[in-house]
Amino acid sequence: MRWSSILAALPLLVAACKRPAPADEGVALSPRAEQGKALFSTHCAACHAPSTKLVGPPLTEMASLYATDPEGIVRWAVTPGRKRTDVPPMPSFRGMRTSDLADVAQYIIEAGTAAGKQKP
Ligand code: HEC
């Protein structure tokens, strides 16, 4: 076996080792999104589901709104706007650290984008 072929296989090996548990629905999250995931479960999941509307919009919708603007999610969480009049307003999360909210935003974008692709 040549060194070049061993080297070529390395990224695959690394990716296989990092593969997340099945609970992640086969989504490979970045380390920041992994951090955000736990915070999301604690603070946001009661009202936001992956692809169905609970109280607030699903992750799929948030990801498509903010795919290139994670800061926008942080701003919204600190000072929620008022868009969807069929639901109560979202409470503010200004008590949370901005860096934690940025991790949550990263999770929303990565998980929401993945959930959107899994949809039939
Ligand atoms: C008590 C329920 C509740 C919780 C908890 C909650 N949200 Fe929301 N969220 C809502 C509702 C309701 C809306 C829709 C409000 C509207 O459109 O007027 C919303 C909308 C959003 C939106 C869409 C913004 C847009 O531009 O349309 C984002 C992003 C969001 N929430 C992020 C978060 C994050 C991040 C957390 C956790 C830190 C969180 N939410 C926790 C209820 C909640």
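Along every chain, residues carry numbers that run from 1 in the direction the sequence is written. With pLDDT at 70 or above as the cut-off, local features in this predicted model cover only qualifying residues; side-chain atom pairs require 80 or more to be listed or tallied, and sums for whole chains, interfaces and linings still use all residues. Neither water nor hydrogens contribute to the side-chain values; these are computed over all heavy atoms in the structure.

In this section: the coordination of the iron atom of the ligand. Six octahedrally arranged donors around a metal ideally form angles of 90 or 180 degrees; four tetrahedrally arranged donors ideally form angles of 109.5 degrees. Around the iron atom of the ligand, the donor atoms from the protein are His48 (NE2) and Met90 (SD), and they sit 2.0 to 2.1 Å away. Classification of the site at the iron atom of the ligand rests on its six donor atoms, whose angles at the metal span 87 to 179°, yielding the label octahedral. Taken together, the residues span a long stretch of sequence, with His48 in the loop between helix 2 (31–43) and helix 3 (59–66) and Met90 in the loop between helix 4 (70–78) and helix 5 (98–118) at a distance of 42 residues. With relative accessibility at 26%, the residue Met90 sits in the partly exposed group. In this analysis a donor is any N, O or S atom within 2.8 Å of a metal ion (3.2 Å for sodium, potassium and calcium), and since water is not included, sites may seem incomplete. Labels for metal geometry use angle windows, namely 85 to 135 degrees for all angles of a four-donor tetrahedral site, and for square planar (four donors) or octahedral (six donors) sites opposite donors over 155 degrees apart plus all others within 65 to 115; sites meeting none of these are irregular. Helix numbering and strand numbering both begin at the N terminus, where a helix is a DSSP run of H or I of at least 4 residues and a strand a DSSP run of E of at least 2. Buried means the residue's accessible area, taken with a 1.4 Å probe over protein chains only, is under 20% of the maximum for its type, while exposed means over 50%, and partly exposed covers the values in between.

Moving on, we come to the pattern of salt bridges. We count a salt bridge whenever a side-chain nitrogen from Lys or Arg sits within 4 Å of a carboxyl oxygen from Asp or Glu. This model, assessed by the stated rule, comprises five salt bridges. Across the salt bridge formed by Lys53 and Asp86, the nearest N and O atoms sit 2.8 Å from each other. With Lys53 in the loop between helix 2 and helix 3 and Asp86 in the loop between helix 4 and helix 5, this pair connects stretches of sequence that are 33 residues apart.

As a further point, take the packing of helix 4 against helix 5. Where helix 4 meets helix 5, the axes come as close as 8 Å, and the angle between the chain directions of the two elements is 120°. Judged by the inter-axis angle, helix 4 sits oblique to helix 5. When you trace helix 4 past helix 5, the crossing you get is right-handed. In this structure, helix 4 contributes Pro70, Ile73, Val74, Ala77 and Val78 to the contact, and helix 5 contributes Thr98, Leu101, Ala102, Ala105, Ile108 and Ile109. To obtain each axis, a line is fitted to C-alpha atoms, and for helices this fit is confined to the stretch in contact; angles are then taken between N-to-C directions over 0 to 180 degrees. For classification purposes, angles smaller than 35 degrees are called roughly parallel, those larger than 145 roughly antiparallel, those between 65 and 115 roughly perpendicular, and all remaining angles oblique. The crossing is said to be left-handed when, going from far helix to near helix, the turn is anticlockwise and less than a right angle, and right-handed when the turn is clockwise. Residue contacts are counted whenever heavy atoms from the two residues lie within 4.5 Å of one another.

At a minimum axis separation of 7 Å, helix 2 and helix 5 run at an interaxial angle of 100°. The pairing of helix 2 with helix 5 is recorded here as roughly perpendicular in orientation. For the pair helix 2 and helix 5, contact is made by Arg32, Ala33, Gln35, Gly36, Lys37, Leu39 and Phe40 and by Ser99, Asp100, Ala102, Asp103, Val104, Gln106, Tyr107, Ile108 and Glu110, respectively. Throughout, the ten residues Ala, Val, Leu, Ile, Met, Phe, Trp, Tyr, Cys and Pro are labelled nonpolar, Asp, Glu, Lys and Arg are labelled charged, and all others, Gly among them, are labelled polar. Across the contact of helix 2 with helix 5, the residue classes tally to seven nonpolar, four polar and five charged.

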